[in-house]
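Coordinate analysis (summary)
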Amino acid sequence: MRARPLLALGALVATPALADPIDLKPLIDARLRYEHVEQAPLAKDADALTARIRAGFEAKSGDFALFAESEATLAIDPAYNSGVNGKAAYPLVADPQNVELNRLQLQYRGIAKTIVTVGRQRINLDDQRFVGSVAWRDNEQTFDAARIEWSGIKGLKADLTYADNVRTIWGVDGGDRYGPTRLGEIGGDNVFGNLAYATKIGTLTGFAYLVDQDERLVFVNSSRTYGGRFAGALPVNKAVKLTYAASYATQSDYHRNPNRYRANYYLGELGVSVRAFTLGASYEVLGADTGSAVTSFQTPLATLHKFNGWADKFLVTPPDGLRDLYGSTGYGWKSVAGLDAIGLTAVYHRFSSDRLERRYGDEIDLQASAKRGRYTALVKYADYFAHGFATDTRKLWLSLEWSLS
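This part is about the nonpolar core. If you look at the biggest cluster of nonpolar residues, it comprises 34 residues, and the most contacted ones within it are Phe130, Val131, Phe143 and Phe192. Counting residues per element, the ones that place at least two in this core are strand S6 (142–150), strand S7 (156–167), strand S9 (203–211), strand S12 (262–274), strand S14 (322–336), strand S15 (339–352) and strand S17 (375–386). Here valine 131 is in contact with Ile123, Asn124, Leu125, Phe143, Phe192, Tyr209, Leu301 and Ala302, once residues within four sequence places are set aside. Val37, Ala48, Ala75 and Val93 belong to the second-largest nonpolar core, a separate cluster that totals six residues.

Within a pair of aromatic rings, the relevant descriptors are the distance that separates the centres and the angle that separates the planes. Using the criterion set out here, one finds 19 aromatic pairs in the structure. Consider the rings of phenylalanine 143 and phenylalanine 192, whose centres lie 5.9 Å apart with planes at 85°: the pair is edge-to-face. Of this pair, phenylalanine 143 sits in strand S6 while phenylalanine 192 sits in strand S8 (residues 185–198), and the two are 49 residues apart along the sequence. As far as burial versus exposure is concerned, phenylalanine 143 and phenylalanine 192 are alike and both buried. Ring centres of tyrosine 360 and phenylalanine 389 lie 4.7 Å apart, and the angle between their planes is 40°; on these two criteria the pair is classed as tilted. Of the two residues, tyrosine 360 is situated in strand S16 (residues 359–372) and phenylalanine 389 in the loop between S17 and strand S18 (393–403); the sequence distance between them amounts to 29 residues. Given a relative accessible area of 1%, tyrosine 360 falls into the buried group. Three or more aromatic residues joined by ring pairs make a cluster, and in this case those are Phe130, Phe143, Phe192, Phe207, Tyr209, Tyr265 and Phe297.

Below, the discussion takes up empty space enclosed by the protein. Regions of empty space are outlined by a rolling probe, equal in size to a water molecule, passed over the atoms. Scanning the entire structure with this criterion turns up two cavities of 30 Å³ or more. Quantified by volume, the largest cavity comes out at close to 70 Å³. As for the largest cavity, its lining consists of 13 residues, of which Asp126, Asp127, Arg129, Phe130 and Arg229 are closest to the centre. At the level of secondary structure, the elements contributing two or more residues to the lining of the largest cavity comprise S9 and S12. A class-by-class count of the residues in the lining of the largest cavity yields seven nonpolar, two polar and four charged. Here the second largest cavity is characterised by a volume of approximately 50 Å³. Considering the residues around the second largest cavity, the lining is formed by Phe130, Tyr209, Val211, Ser223, Thr225, Gln251, Gln298, Thr299, Pro300 and Leu301. Secondary-structure elements contributing two or more residues to the lining of the second largest cavity are S9 and strand S10 (223–235). Residue classes in the lining of the second largest cavity are distributed as five nonpolar, five polar and no charged.

In this model, the largest pocket occupies a volume close to 1200 Å³. Lining the largest pocket are 46 residues, and of these Trp170, Thr181, Leu304, Leu315 and Val316 lie nearest its centre. Looking at the lining of the largest pocket element by element, the count peaks at three residues for strand S1 (residues 23–39). In terms of lining residues, the second largest pocket is bounded by 33 residues, among which Glu269, Tyr326, Ser328, Thr345 and Val347 are the most central. Those elements giving two or more residues to the lining of the second largest pocket turn out to be strand S11 (240–253), S12, strand S13 (277–286), S14, S15 and S16. Considering every element that reaches the lining of the second largest pocket, the biggest residue donor is S12, with seven residues. Its residues assigned to classes, the lining of the second largest pocket shows 13 nonpolar, 13 polar and seven charged.

What counts, and where the lines are drawn
- Residues numbered from 1 in each chain as written.
- Predicted model: local features only at pLDDT ≥ 70, side-chain atom pairs only at ≥ 80, totals over all residues.
- Heavy atoms only, no water.
- Core = buried A, V, L, I, M, F, W, Y, C linked by side-chain atoms within 4.5 Å.
- Buried < 20%, exposed > 50% of the residue type's maximum accessible area, 1.4 Å probe, protein only.
- Helix = DSSP H or I, 4+ residues; strand = E, 2+ residues; numbered from the N terminus.
- Contact = heavy atoms within 4.5 Å.
- Phe/Tyr/Trp six-rings, centres within 6.5 Å; stacked < 30°, edge-to-face > 60°.
- 1 Å grid on protein atoms, 1.4 Å probe; cavity = no way out; pocket = protein on both sides within 12 Å on 5 of 7 lines; lining within 4 Å.
- Points joined across faces, edges and corners; volume = space filled by probe spheres on them.
- Nonpolar A, V, L, I, M, F, W, Y, C, P; charged D, E, K, R; others polar.

Below you can see the structure in the form of structure tokens.
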């Protein structure tokens, strides 16, 4: 395994930095999850029962804070294709067994209105559409990076990151022997820039994401993305609130990418909440250029499970792009039946091509959640109905999480 400079720097400076009295806090969270997948034309269904635990600590001393965290995933019932276990007869459940160092970062707050973080760290930017930690999967995506966050002017925040390595969800067993989408780590000179200004009606953000996938099998994922986003909420009265978001970005090839392309991204969201009831409608477009493979708008570092349906049929944008028209509704209760909160959510997606008049499919996503103290229980269901793209897929999740962090 390669030793990454930024991770090594964080480890080297950690010990002398914490010379003052130390405030120590444990970091522990655990997840037990069952995932069932039915996917045509595979004859076998996936039944993945996994347990994931993260354990570590946060040590604070003066202006410094050191975070260290290990992560382990165990396949209790391994009747599934983890992506790196060779069980291709089963549908994919991207939760391979794994033991690794998840985070080792040093943070410094000695400069006014500034946070500097160096080492292996979790990075979630905006809604995680372009850069995220993929928290849904058992193995978190983390970055060996140096990050500066500055908020020296009221309402304004600048966020700049340089990352020379991405630790993917495929864990320590990931590698090129499983193909270009199963690498355990991907080196490169990645730069994420984000400048946000908060107003009374929402936050306006400009961003630049230079993704450098400097491994031979994934050169095609290197891209330059520039864009902007506005998102906010407006109370109508004590019971009613409007929410809205709009985003645009343009993307082109970068660094060693052998493809020459340019594609655009659009997003519009509008929602209303009436006390505990919510209703929303959204339209997202990941554009295409020529229709050739990997010349459409791609977001390889995103928390992809959050977008374009929970069946995960569009983790890679199709060559002809993707249009996702979707509506959602939900209801929540607080302090009911001995629980802190209960929530119900339903989402309908209609997927189609960007370049051609082609229907991809439809999807229904349902979720029920309950929380009490440190425990969170979750039931999720996704049903994708194909119209010529991919195949019919049904997924069911049962999850229980506990967190001390």
